[in-house]
Each structure stands twice: as C-alpha cells, then as structure tokens.
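# Structure at a glance
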Amino acid sequence: MEYLLLQVLNGVQLGLLMFLLAAGLTLTLGIMDLVNLAHGSLYMMGAYIAWTLIGVTDSFVLGALLALPATFLLGVVVEAVVIRKLYARDHLTQVLATFGLILFFNELVRALWGPAGKSIAVPGFLNRTIEILPGVPYPAYRFAIILVGALVAILLAWLVARTRLGMLIRAGASNRRMIGALGVNIELLFSLVFGLGAVFAGLAGLMSAPIASVRIGMGDDILILALVIIVIGGIGSIKGAFIAAMVVGQIDIVGRAFLPDILKTFMSSSAASSAAPAISQVMVYVLMAVVLVWRPTGLFGQRT
Amino acid sequence: MKNKLFGTATIAAAMAFGLPAMAQSPIKIGFVSTFSGPQAAIGEDMRRSVELAKEHLGGKMGGKPFEIIYEDDQFKPDVGKARSEKLVQQDKVNFIGGYIWSNVLLASYKTVVDEGDTILISANAGPSQIAGDLCNKNFFSTSWQNDQTPMAMGEYLNTKGVKSLYLVGPNYAAGKDMLAGVKRTYKGKIVSEDYTKWPDQLDFSAEMTKIAAAKPDGIFIFYPGAHGVQFVKQWAQSGLNKTVPLYQVFSIDAITLPQQGDLALGTLGAQEWVNDLPNEANKKYVADFKKKHGTYPSYYGAQSYDAIMLMASAAEALKGDLSNKDKVRAEMKKANFKSVRGDFKFGNNNFPIENFYIQETVKDPQGMVTVKTIATAVKDAVDPFAAKCPMK
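What counts, and where the lines are drawn
- Residues numbered from 1 in each chain as written.
- Chains lettered and ligands numbered in written order.
- Predicted model: local features only at pLDDT ≥ 70, side-chain atom pairs only at ≥ 80, totals over all residues.
- Helix = DSSP H or I, 4+ residues; strand = E, 2+ residues; numbered from the N terminus.
- Rg over C-alpha atoms; globule rule 2.2 N^0.38 Å.
- Buried ≥ 20, exposed ≤ 12 C-beta atoms within 10 Å, placed from the backbone.
- Contact = placed C-beta atoms within 7 Å.
- Nonpolar A, V, L, I, M, F, W, Y, C, P; charged D, E, K, R; others polar.
- Pairing = 2+ DSSP bridges.
- Axes fitted to C-alpha atoms, helices over the stretch in contact; angles between N-to-C directions.
- Core = buried A, V, L, I, M, F, W, Y, C linked by C-beta atoms within 7 Å.
- Domains from an automatic or database assignment.
- Parallel < 35°, antiparallel > 145°, perpendicular 65-115°, else oblique.
- Left-handed = near helix turned anticlockwise from the far one by under 90°.
- Right-handed = clockwise from strand over helix to strand, strands pointing away.

### Quick word on the overall build of chain B
- The number of helices and strands found in chain B is 13 helices and 14 strands.
- A compact globule built from 392 residues should have a C-alpha radius of gyration of about 21 Å, and chain B, at 21 Å, falls within 12% of that.
- When its C-alpha atoms are laid out on the principal axes, chain B stretches across 70 × 50 × 35 Å.
- Counting all 392 residues of chain B, 58% fall into the buried class.

Shown next as structure tokens:
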C-alpha cells in the first residue's frame, strides 16, 4: 500500500514537470498557431541560466527566482527576433526554423558553458527525506517539486479563467483572427504568451536539474513527450495539458514499476524484464492513438 | 576544420624538420566517437588522450607523420555507420579507432572490417557478438568484452559476502551484456533485474522506490556518462545511500565525478584501468594529462591512448610501411607496446587478456574526488565468448 502511494507520488511529480513544459507548448500552438520545436531549448536554457545564477548568488532559491525573469526575457527576445517572422508562414517553415533554433541553442550552450554537463546541488534544507506518512520516507526535493508544480498549475488556472489576459488567451485559442479584428494588440499578447511559456519551460528545467543534470540537449528528449501530452489534452487547452500530463506520468510509472511483475506472471523472467521497458515506451503513444480515434481534437481541444 | 588544421600542422612541422614529407603519404587514422549531444564529454576525453598520444609519439609512427580524422557519431548507430563508411571509402584511412557505444560499433562493424584494408580498434565498446561468432581478423580491442568488467565485480562481491543484489541497467546491447556479466559470476541472490528505457529515461524515481521496497544488500548498476550522474544523484537523494551500497561498472569515472562529487564517495566499481596503476607509461600519461587539462583522464581516454599506441607499435615494427595488411595484423597481435594498464596479451578473438581491479571513490590530497585501486579482482581474465570465435 505504501509502495503504491510512493509510486503514485513519483508519477505525480513526473506529470507536474511535464505539465510545466506542456503548458507553454500548448499555449503557443493553440493561440499563436506556432509549431515551436525549440520549446525544449528554453527548458535547457532555464537550467543553464539557473546554474550560473545559483553560482553567482550562492543560493538555490535566489538563483532560481532570478532565473525566471531571465528566461522570460530570453523568451521575449527570441519571439521578437525569430518567432515573429514565422506567424505568417506555414507549419513546415516553422518546424524548420525552430529546429534550427534547437541547433543554435545547443551550440550556444557548448560555446558558453562547454560540452560537459553541469550539476546543481539540491538546496541544503531539502536535501533529506520527509515522512509523508509515518514511516514512509520520500525525498524532500521531489516533494517540493510536487508543491511548486501544483502551485503553478493553480496559478495558471486562475490566470486563464479569471484575468483579462486569460480571457484574451482563451479567445485567441478559439479564434485568433477575431480578437485581432476586435482591436486587441495581438503582437503584445503573443510576446507575453511566448515569454510565459518560456518561464514555465525554464522553471521545469531548473527544477529537474538537481535530480537530473544540466546538459546539452536535455530538452530534446522530453519535448516529444510534451508534444504527445498536448495532443492528448487538446491543443490550446491548459486543462487538457494538465490532465494528460498527469495520466502520462502515471502510465510511465506503471510501466516501470508494475509492468515487469505483471509480465512475469505469464512469461519468463528475463523476457519480461527486457520487454517491459519496450512496452512501457509505446504505451503513451498507444494512449495518444486511442484518444485521437475517439476525439480527433484531443480531450479538451476546440471542435472545428 | 580543426582536424584539417592538425593535419596541415603535422605536415608543416615535418617539412620544417627537413623530412621528405612530400614523398611520404602520412598514415591516416580515423577516430569515431561522440562529440556532440549529452555524451560529448566522453568523446572530448578520448580526443584529449588521442592528442596526448600524438604528442608523446612526436606526431610520427615508424618515422612517418600521421593525421587523425575525428568523426562525430552523434550517439546514433546510423550516423556512426555513415561516418565510418566515409572514413573507409573516402578518406581511405589505415586504422579506425574509437567507438564508445556497443550499438554504434555493431552498426559500423561490417562496413569497416569487411572492407579488408582498414583495421578497426575499439577503444571502448565490446559487444559479445564481436568477441564471439562475429570476430574478425581486422578487429582489435584495447578495452574489454562487455561482460568482463561486471564479471570482475561479481567475483569481488562474492568475496565480500554481499548476499543479495538488485540489478539495474539500460535496455540496449551493452546494458544486457553488463547485467548478464555480473550474473555469470555472482553467487548470491539476484533480487530483481530491471531494464530502463535508453537513452531517454533519466528519472529513476520508480526504480528507487522499488529498490527501497525490495531491501537488497547492494545495488549493481551500469549507467555510462550522463545517466550515471543521474542515477547516483537520485540514489543519494532518495536516502538509499544510507541503507543500500551501490556497486557499479562504467557509471562513476573521471567524466561523471565532477558532477557526482561527494555523493559518490565510498562507492566501489570494477575497471581494467585505474589512474593510479603503478607502471611508468601510466604515470606519464596521467601526469601529462592532468598538467594539460587539470583533471584526471578516464578509462575511455586511457583506452584511446592505448589504441593509438597499439597502431604506433605496428607501424614502428614495420618501419612505417603499412602496405602488407597481414604483417600489420601480425604485429598488432603481439601487443608489443607499453600499455597504461600494464602489459597484456591478445586472445584468439583479439580482445585483451588482462587484469581487472576494484576501485573506490575517494578524495585525493588536493580535495578532488577521484577513484583509487583497492584490490585486484581477477588476473589475466579471458572473456567468456572467446571460445565461440573461430579464429585461432
């Protein structure tokens, strides 16, 4: 029972990190109609910027807090310099251009920080385990990720549902041209949305850094999963991205934690242990295919 | 670009010293490794050691200048194969060295060894297939067969009396060889054998929770490069470092330690080469490497250094004339050079017959986290696939 609870928590933590990345992606794709493959690069840049700032300030919390406006700025600059020129183009051009951005950022990081990865230590006050239930320890840092992730999700829900910016975002997701025609400053809105997406990606990157490590291309693998999540959730829907991220997080953990044992009940132990990771790898894609057959625009996507 | 510069510099230097450089075609060496992406640090360590070998050789083998053409496999088997093809067919190199990854080597292998004119020297990867059925006279290894290092670890765990072991590794060719290797020799109970997605899984929370629930006497892992950093950090953060010791192969080394730092202290691993092995060639290699780069070299580097020295030994014996491949192969088979691991012999499948040591992660007198030898695990080990190789 405790084991189950811990594994569910692991899934929640993974899902929340994925949600932070997917939230920005679904906003840019849904509202700006922009395919941004370089979203993973913002995740990486968030981590590298945080690494530098943590080194300068000698404090994890301070460095991380400073890294957020820095990634926002980076997002706004990237939007103004590159992305803005892509809105009128077709998706293929956007894919090519943002793929170019991935290469650019990877090389930029190599030039600035070198090829070897960097490491961010877990902040001292979180470098221990806490008992979530009496006698059930859980790493404090991972628990902090859950708290921060949940807080950001609530904040984002409030922002989208209750504020004027959120109203514009929702309007933009359902009909982009119409809000332009109504006299809303689209340029500013897009700039803000892209910057916001960059902050969430950067936050996900810097929070995952102490668990993983800060390295070139760290956002590239995770981007594919984020794309799957927004497709499942419905492009443009924050709620969809949240639910899909939670489901994908749990599926990933189930595949790793329980699937080998389930397979062992009807196949040999060694076959089961090598089949399990392969199967759990495709489970997420199977889910995506099933969702798309059932609802072609995703769980919460706008019907067209 | 850089490679061309090196080549030009070598020739220019040869001319400056008054050698008939124009009349001699230089010896060409291809070197395939990972120079971009998350594992680029390993490739960089290998390149540094290759350049150091070149320096120690004075830029010449058997009186002839040599040039090295580096190619980036991008950590992808298909790219590695294409780069190897280019080296064989377009550059017409005499030797190809390198190869970190078993899956990259397996993809590139046939293209190189079947060509007949190029000799391949693996400076790291040692998949079981190549040691066994697929062995080839054009292939040499300056590393090990994948199973051997974990086998050495297994032997040591028996003597240490570790009663149960939890195995975790990545789901690809080398991961399977490594876990199979430790199972060959380890006599205690295997609690579980988990494979994780490779290379995209970097979160091990589910595995840590499983290990904590299983309460084994030890964990055995194989996670090279960036993945090793992740695993060790997450093992420490989960609090398992206080209850379950970590035994590893290829997961804690000079490349990963700057990031693992104190978290790795006290962990044990097996290796055929350690930076403190007391032979002259090794002392010189490690000291010069440290002087140049400020860090310890890794076994990836040591094996690459040896690969170049092995090529040089054949070229020396033949006075730079590499036209007769049978003679080149015969000279290489002698392993007549000062290896940084100490002397070794080649087995029938051209894999080294060598010692394996147990290393512990410690702090050196300057406070740098490194590894030191604490025991010899096995002596003159022959890999378990040698018998399957039809070569004599």
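Still more ground to cover, so stick around.
### Structural notes on the interface of chain B and chain A
- Listed as interface residues are 31 residues of chain B and, on the opposing side, 33 residues of chain A.
- Elements represented by at least two residues in the side of chain B that touches chain A include exactly α2 (40–56), β8 (189–196), α8 (205–214), α9 (226–237) and α10 (257–260) of chain B.
- In terms of residue class, the side of chain B that touches chain A is made up of 10 nonpolar, 11 polar and 10 charged.

### Concerning the sheet that holds strand β2 (residues 60–61) of chain B
Residues and elements named next belong to chain B.
- One open sheet holds the 6 strands; their spatial order is β2-β3-β1-β4-β5-β6, and the pairing between them is mixed. Edge positions in the open sheet fall to β2 and β6 (139–141), since each of these has one partner strand only.
- In the sheet, strand β1 (residues 27–33) pairs with strand β4 (residues 95–98) via 4 bridges, with the strands oriented parallel. Its bridge partner being in β4, V32 is matched across the sheet by G98.
- Packing of helix α4 (residues 102–113) onto the sheet brings it into contact with β1, β4, β5 (119–122) and β6, and relative to β5 it is tilted by some 155 degrees.

### A look at the nonpolar core
- The biggest cluster of nonpolar side chains holds 217 residues, and the ones touching the most others in it are L21, A22, A50 and I229 of chain A together with M311 of chain B.
- Among the elements that make up this core, the one with the highest residue count is helix α1 (residues 2–32) of chain A (17 residues).
- Residues from two domains meet in this core; each of domain 1 (2–144 + 277–343) and domain 2 (148–271 + 356–388) of chain B gives at least three.
- Contact partners of I229 of chain A, with chain neighbours within four places excluded, come to M18, A22, A241, A244, A245 and V248 of chain A.

### Thoughts on the environment of Y186 of chain B
Residue and element names in this part refer to chain B.
- As for its position among the elements, Y186 is in the loop between α7 (173–185) and β8.
- Distance from Y186 to A375, taken between C-alpha atoms, is 17 Å for residues 189 residues apart in sequence.
- With residues up to four places along the chain from it excluded, the contact list for Y186 reads G154, L157, N158 and L165.

### Side note on the domain arrangement of chain B
Residue and element names in this part refer to chain B.
- Assigned domains within chain B: domain 1 (2–144 + 277–343) and domain 2 (148–271 + 356–388).
- Between the C-alpha centres of domain 1 and domain 2 there is a distance of 28 Å.
- At the interface, 21 residues of domain 1 touch 18 residues of domain 2.
- When residues of the side of domain 1 that touches domain 2 are traced back to their parent elements, those giving at least two are α2, α4 and α5 (128–131).
- Among the residues making up the side of domain 1 that touches domain 2, the classes are represented as 12 nonpolar, 7 polar and 2 charged.

### A look at the packing of helix α10 (residues 238–257) of chain A against α8 of chain B
- For the pair α10 of chain A and α8 of chain B, the least separation of the axes is 9 Å and the interaxial angle reads 40 degrees. Relative to α8 of chain B, the element α10 of chain A lies oblique. Here the hand of the crossing between α10 of chain A and α8 of chain B comes out right-handed. Here α10 of chain A contributes I253, R256 and A257 of chain A to the contact with α8 of chain B, which in turn contributes A206, E207, T209 and K210 of chain B.

### With respect to unusual backbone geometry
- Looking along the chain, the bond that leaves W198 of chain B and enters P199 of chain B is cis, with omega of 0 degrees.
- With respect to the element layout, P199 of chain B can be found in the loop between β8 and α8.
- With phi around 55 degrees, D33 of chain A is a residue other than glycine that occupies positive phi space.
- Tracing the chain through its elements places D33 of chain A in the loop between α1 and α2 (39–57).
- What makes D33 of chain A partly exposed here is the crowd of 16 C-beta atoms within 10 Å.
- The phi torsion at D58 of chain A lies on the positive side, around 65 degrees, for a residue other than glycine.

### Digging into the environment of G15 of chain A
Residue and element names in this part refer to chain A.
- The residue G15 is located in helix α1 in this model.
- With 124 residues separating them along the chain, G15 and P139 place their C-alpha atoms 17 Å apart.
- Setting aside chain neighbours within four positions, we find G15 in contact with A245, M246, V248, G249 and Q250.

### A closer look at the pairing of β5 of chain B
Residue and element names in this part refer to chain B.
- Residues I119 and I121 line one face of β5 and the alternating positions L120 and S122 line the opposite face, and both faces are buried.
- In the sheet, β4 pairs with β5 via 4 bridges, with the strands oriented parallel. Bridged to G98 within β5 is S122.
- After leaving β4, the chain enters α4 and then returns to the sheet as β5, a path that is right-handed.
- Summarising the sheet, β5 and β6 pair through 3 bridges and their orientation is parallel. The residue bridging S122 from the neighbouring strand is S141, located in β6.

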